[in-house]
Amino acid sequence: MNEYLLELGKGGAVACVAYNPCGTETASQMLRKEVLNSVYLEGERILGKAVFAAKCSLIARYPTQDTLYGPAVLWTLLGDPALRIKRPVPTSVSEDPDRTPTPPALRVSPNPGARTASICYSLPRSGDIDLTLLDVAGRTVRVLASGPWSAGDFRLRLDDAGLAPGVYLVRLRSEGQVMTGKVIIE
Amino acid sequence: MKKLSVFLVLLPLLGQADYLITTPDSLRTNSADYLVITHDSFTSALYPLCRLRESLGLEVKMAELPLVYSTFDSGPRTDRIKAFLRQVYDTWPRRPTYVLLVGDACQDSTTGQDFLPCKIFPKFSYSYYSGLTTHSIDNWYAQLQGNDSIPDLIIGRLPVNTLPRAESLVAKIVHYENEPDTGMWTRTVELLGSTDRQHFAEELDSTYFQPAGDSVYTVYESQGNSAFLRKKTRDGINQGASLLFPVNHGGLPPAWSGSKTLFSYQDVDTLVNLDRLTIVLGQG
């Protein structure tokens, strides 16, 4: 069905997210709620980022339950991952008319197995940020940076002292966008 | 005059060459925010999309499969593409946030329709529709760090199998992004619900759409017979819906259904939503 909608010359769909080929109802509901959390509650407008965050969340939270992580692995974006969802921006994250198109960015490296990980993030404009280390259940483990932040490129060393081995997520919220990276502590 | 004509003809091609990676060394060391990996049949269709992404501040690069296969020449085609992505992820000083795969995949590589292959895995433990025993996943290409299944890049695919279809889909994407965000349809969500799953559609409505003040167009199985439901679904898409949620079952031939059909692949050709292109957040 999805490919028919994409193939239609004029009209139909511009992007589809679907299993390839089959998932479970529980996972389907969780994935779609995660996408809506990103779009409706956090103001995410890039379709691929919202889908990515949903997949990361489910796979990280249920790494051994294939009825949950499996469908998340199979959930496939048919379309441009950088597509901007056509929805008016809510007033809480309204756009600055002078805003340039460069988005904030997050990168985690080197990992895996390193005693420390580097978290690099770029802020094209000053503003409030929230950089948080989460466990796989989505609980806050450490707040790495928070509050008003100046524009620029930043690097932060994450010391694994006190962190149990496992997979963690680094989440950057800035300008109404949410970016997620993965950290593995061995 | 003739020289000027030649220059004017070559000018767009020179601009296009900036995106395309043409040497093995440039595959190994480069930089990009947005990386396109494409079957070479579709390259010419992709420049408008590359220009759009570049105009939005992203550094764009495009790699064709023949060069990827010849540069990373060990193993099956899926492994060669993955080897390229590992190289990108591990060594490019600016590695891409987005990876776009261009080309349809087909499990039977002898059909000529397997333009950009998917990795095939044995199925997960749960039951599969029609007794399928394998699944194909693009997520595997984005699994580049650690031994887990969490993706490390944001990946998508244009599942096209002809150049005209590639051109058409790219034109839709570019048009969608360039049109201003106006009209009620951008604040409209269409929910399709089979009887057994209507409760979830209603939960989405009350949790997200109503609080946001969005307009919700519902097509629930309980509202009528199949002919009525198919028409109502079609009317909703034609009026315009920013997001479309099929909360129902799939089927073969392709359909969104419960005990009745809510929308069939045969209905697609009757759509006339033109500029009001929807995004489907589906399941099957």
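Small disclaimer: the values here were computed from a predicted structure and weren't measured.

1. Section: the overall build of chain B
Secondary structure summary: chain B contains nine helices and 12 strands in total. On the principal axes, the C-alpha backbone points of chain B span a range of 65 × 55 × 40 Å. With 284 residues in all, chain B has 43% of them scored as buried. Partitioning the intrachain contacts of chain B with sequence separation of at least 6 by distance along the chain shows that 68% fall at a separation of at least 24.

2. Some points on the domain arrangement of chain A
Residues and elements named next belong to chain A. Segmenting chain A into domains produces domain 1 (2-78) and domain 2 (101-185). Listed by partner, the interface residues are 11 residues for domain 1 and 11 residues for domain 2. With seven residues, the top contributor of residues to the side of domain 1 that touches domain 2 is helix 3 (residues 47-61). Within the side of domain 1 that touches domain 2, the residues separate by chemical class into four nonpolar, three polar and four charged.

3. Topic: helix 8 (residues 226-239) of chain B
Residue and element names in this part refer to chain B. If you check helix 8, its first and last C-alpha atoms are 20 Å apart, about what 14 residues at 1.5 Å a residue would give, namely 20 Å. All of the buried residues along helix 8 are L229, R230, T233, G236 and I237. Taken around the axis of helix 8, the buried residues stretch over an arc of 125°, which confines them to a single face. Opposite the buried face of helix 8, at more than 90 degrees from it, the exposed residues are A227, F228 and D235. Its buried side turned inward, helix 8 meets strand 7 (188-193), strand 8 (215-220), strand 9 (243-247), strand 11 (261-264), helix 9 (265-268) and strand 12 (278-281).

4. Topic: the pairing of strand 8 of chain B
Residues and elements named next belong to chain B. Pairing between strand 7 and strand 8: six bridges, direction parallel. Looking at the pairing, T188 lines up with S215 of strand 8. Assessed by its sense of winding, the connection that carries the chain from strand 7 through helix 7 (residues 198-212) to strand 8 is right-handed.

5. Regarding the domain arrangement of chain B
Segmenting chain B into domains produces domain 1 (14-174) and domain 2 (184-280). Inter-centroid distance (C-alpha atoms) of domain 1 of chain B to domain 2 of chain B is 31 Å.

6. A short note on the sheet that holds strand 5 (residues 127-134) of chain A
Residue and element names in this part refer to chain A. Taken in spatial order, the four strands of this open sheet run 6-5-8-9, and their pairing is antiparallel. Strands with a single pairing partner mark the edges of an open sheet, and in this sheet they are strand 6 (140-149) and strand 9 (177-185). Between one strand and the next, the sheet's axes are offset by a mean angle of 15°, whatever the strand orientation. Against the sheet, helix 3 engages strand 8 (166-174) and strand 9, with an angle of about 35° to strand 9.

7. So, the interface of chain A and chain B
Facing the 67 residues of chain A at the interface are 65 residues of chain B. For the side of chain A that touches chain B, the secondary structure elements donating two or more residues are helix 1 (2-7), strand 1 (13-18), helix 2 (25-41), helix 3, helix 4 (66-74), strand 2 (76-78) and strand 9 of chain A. With eight residues, helix 3 of chain A is the single largest residue contributor to the side of chain A that touches chain B. Tallied by class, the residues present in the side of chain A that touches chain B amount to 38 nonpolar, 17 polar and 12 charged.

8. Regarding helix 3 of chain A
Here helix 3 of chain A contains 15 residues, and its C-alpha end-to-end distance of 21 Å stays within 8% of the 21 Å for a straight helix at 1.5 Å per residue. Within helix 3 of chain A, 14 of the 15 residues are buried, which leaves it mostly tucked inside the rest of the structure.

9. Overview of the confidence of the model for chain B
Low-pLDDT portions of the prediction should not be read for the details of their coordinates. All names here are of chain B. For chain B, the average pLDDT comes to 88, and 92% of its residues sit at 70 or higher. Note on residues 7-14: pLDDT under 50 across the span, and zero contacts to partners over four residues away in sequence or across chains. On the interface metric, ipTM, the complex scores 0.90, and its pTM is 0.80.

10. Points about the confidence of the model for chain A
Looking at chain A, pLDDT values average 80 and 86% of them are 70 or higher. Confidence, expressed as mean pLDDT per element, reaches its minimum in chain A at strand 3 (residues 105-109) of chain A with 74 and its maximum at strand 2 of chain A with 94.

11. Some words on the nonpolar core
Residues V102(B), F245(B) and I279(B) are the most contacted members of the largest nonpolar core, which totals 129 residues. No other element matches the 10 residues that helix 3 of chain A contributes to this core. Beyond its immediate chain neighbours, meaning those up to four positions away, V102(B) contacts V36(B), T38(B), H39(B), F42(B), L46(B), L116(B), L158(B), V160(B) and A166(B).

12. Digging into the packing of helix 2 of chain A against helix 7 of chain B
Two elements in contact, helix 2 of chain A and helix 7 of chain B, have axes separated by 11 Å at closest approach and are oriented at 5°. With respect to helix 7 of chain B, the element helix 2 of chain A is oriented roughly parallel. In contact with Q29(A), L36(A) and Y40(A) of helix 2 of chain A, helix 7 of chain B contributes F200(B), L204(B), Y208(B) and A212(B). In terms of residue class, the contact of helix 2 of chain A with helix 7 of chain B is made up of six nonpolar, one polar and no charged.

13. Let's talk about the pairing of strand 1 of chain A
With six of six residues buried, strand 1 of chain A lies mostly within the body of the structure. Judged from the four bridges that link them, strand 1 of chain A and strand 12 of chain B form a sheet pairing that is parallel. Directly across from A15(A), in strand 12 of chain B, lies its bridge partner I279(B). When strand 1 of chain A meets strand 2 of chain A, the two strands line up antiparallel, connected through three bridges. Bridged to V17(A) within strand 2 of chain A is L77(A).

14. Some words on unusual backbone geometry
All names here are of chain B. At L274, a residue that is not glycine, the phi angle is positive and equals roughly 40°. On the secondary structure map, L274 appears in the loop between helix 9 and strand 12. A tally of 13 C-beta atoms within 10 Å means that L274 is categorised as partly exposed.

15. Considerations on the environment of E175(A)
Residues and elements named next belong to chain A. Relative to the helices and strands, E175 is located in the loop between strand 8 and strand 9. The partly exposed category is assigned to E175, around which 18 C-beta atoms lie within 10 Å. Considering only alpha carbons, one finds E175 and I185, 10 residues apart in sequence, at a separation of 29 Å. Each residue touching E175, except ones within four places of it in the same chain, is listed here: P104 and G127.

Calculation notes
Residues numbered from 1 in each chain as written. Chains lettered and ligands numbered in written order. Predicted model: local features only at pLDDT ≥ 70, side-chain atom pairs only at ≥ 80, totals over all residues. Helix = DSSP H or I, 4+ residues; strand = E, 2+ residues; numbered from the N terminus. Buried ≥ 20, exposed ≤ 12 C-beta atoms within 10 Å, placed from the backbone. Contact = placed C-beta atoms within 7 Å. Domains from an automatic or database assignment. Nonpolar A, V, L, I, M, F, W, Y, C, P; charged D, E, K, R; others polar. Expected span 1.5 Å × (residues − 1). Arc of directions from axis to C-beta. Pairing = 2+ DSSP bridges. Right-handed = clockwise from strand over helix to strand, strands pointing away. Axes fitted to C-alpha atoms, helices over the stretch in contact; angles between N-to-C directions. pLDDT = per-residue confidence, 0-100. Core = buried A, V, L, I, M, F, W, Y, C linked by C-beta atoms within 7 Å. Parallel < 35°, antiparallel > 145°, perpendicular 65-115°, else oblique.

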